[in-house]
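The primary structure of each chain is shown beneath.
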Amino acid sequence: MLEAPRLIKKYPNRRLYDTKASAYITLNDIKELVLAFESFQVVDAKTNEDLTRSILLQIILEEEAGGMPLFSTDLLAQIIRFYGHAMQGMLGKYLETNIKGFVDFQHKIQEQSRGLYGDNSQMQSDLWMQFLNFQGPALQHMMSAYVDQSKKMFQTMQEQMQTQTRSMFSGMRPNSEEKTEKKAR
């Protein structure tokens with residue numbers, strides 16, 4: 001049987017209350033829950049509105065402001081441009097799939113190093129850093145090529161959808177043309 005997500009209530013005074021621990025917590029505590037892969041849900045204490053996404057975005061904002069940002073200005077601008085765009089839903093799924101693929105790749109590398117060197121976490125960390133230093137440029141090139149290929153595929157798909165839409169609606173004429181034709185008769 002699946003356990004219900006941990007319930008965290010957000011009060012009007014911006015305080016977060018963890019119902020499982022019966023204590024007030026901070027955004028940093030919620031970040032720790034995320035890092036521990038613990039399932040949780042943040043709700044407004046008065047309305048029961050789900051605020052989980054909002055809280056996660058606050059954590060991302062703090063992380064972005066506090067050191068080495070993960071997202072470049074150009075990437076953030078591109079993401080903003082997708083809001084309200086017909087491809088908005090597809091971009092979210094695309095990003096989710098690619099991040100999952102990256103995480104799966106990282107887990108495979110960790111499992112292989114664990115198989116070779118045991119559970120020595122310091123050794124694994126050192127090996128991972130050496131691997132990234134040695135293979136970093138090659139990985140960046142590989143990821144860049146993958147992103148370029150995905151971008152081309154995405155553009156081709158968008159062009160195909162536009163072509164299909166034009167062909168679907170090619171038989172229809174705008175009302176203004178019909179009115180002009182009726183007046184000419």
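Structure shown above.
The present account deals with the structure reproduced in this document. (Residues numbered from 1 in each chain as written. Predicted model: local features only at pLDDT ≥ 70, side-chain atom pairs only at ≥ 80, totals over all residues. Heavy atoms only, no water.)

**Concerning the packing of aromatic side chains**
Item 1. Following the criterion strictly, the structure yields one aromatic pair and no others.
Item 2. Centroid distance Tyr17 to Tyr24: 5.2 Å. Interplanar angle 70°. Geometry classified as edge-to-face.
Item 3. Its relative accessible area of 43% is what places Tyr24 among the partly exposed residues.
Item 4. Sitting above the plane of the Tyr24 ring, Arg15 keeps its charged end 3.8 Å from the centroid. (Phe/Tyr/Trp six-rings, centres within 6.5 Å; stacked < 30°, edge-to-face > 60°. Buried < 20%, exposed > 50% of the residue type's maximum accessible area, 1.4 Å probe, protein only. Lys NZ or Arg CZ within 6 Å of the ring centre and 35° of its normal.)

**What to know about a nonpolar patch on the surface**
Item 1. A cluster of nonpolar side chains, Leu95, Ile99 and Val103, forms an exposed patch at the surface whose accessible area comes to about 240 Å².
Item 2. Position of Leu95 among the secondary structure elements: in helix 4 (residues 88-117). (Patch = residues over 30% accessible without salt bridge, like charges linked within 9 Å, V, L, I, M, F, W, Y side chains within 5 Å. Areas by Shrake-Rupley, 256 points an atom, 1.4 Å probe, with all protein chains shown as cover. Salt bridge = Lys/Arg side-chain N within 4 Å of Asp/Glu carboxyl O. Helix = DSSP H or I, 4+ residues; strand = E, 2+ residues; numbered from the N terminus.)

**Let's talk about the sheet that holds strand 3 (residues 23-25)**
Item 1. With mixed pairing, four strands are arranged side by side in an open sheet as 3-2-1-4. Looking at which strands have only one partner, the edges of the open sheet turn out to be strand 3 and strand 4 (40-44). With direction set aside, neighbouring strand axes in the sheet form an average angle of 35°.
Item 2. Strand direction decides the pairing type here: strand 1 (residues 6-10) and strand 4, joined by five bridges, are parallel. Bridged to Lys9 within strand 4 is Val43. (Pairing = 2+ DSSP bridges. Axes fitted to C-alpha atoms, helices over the stretch in contact; angles between N-to-C directions.)

**Re the side chain of Asn98**
Item 1. Mapped onto the elements, Asn98 comes out in helix 4.
Item 2. Overall, Asn98 belongs to the buried group, its relative accessible area being 18%.
Item 3. Reaching out from Asn98, the side chain makes a polar contact with the backbone oxygen of Tyr94 at a distance of 2.8 Å. (Polar contact = N/O pair within 3.5 Å; in protein donor to acceptor, adjacent residues only side chain to side chain.)

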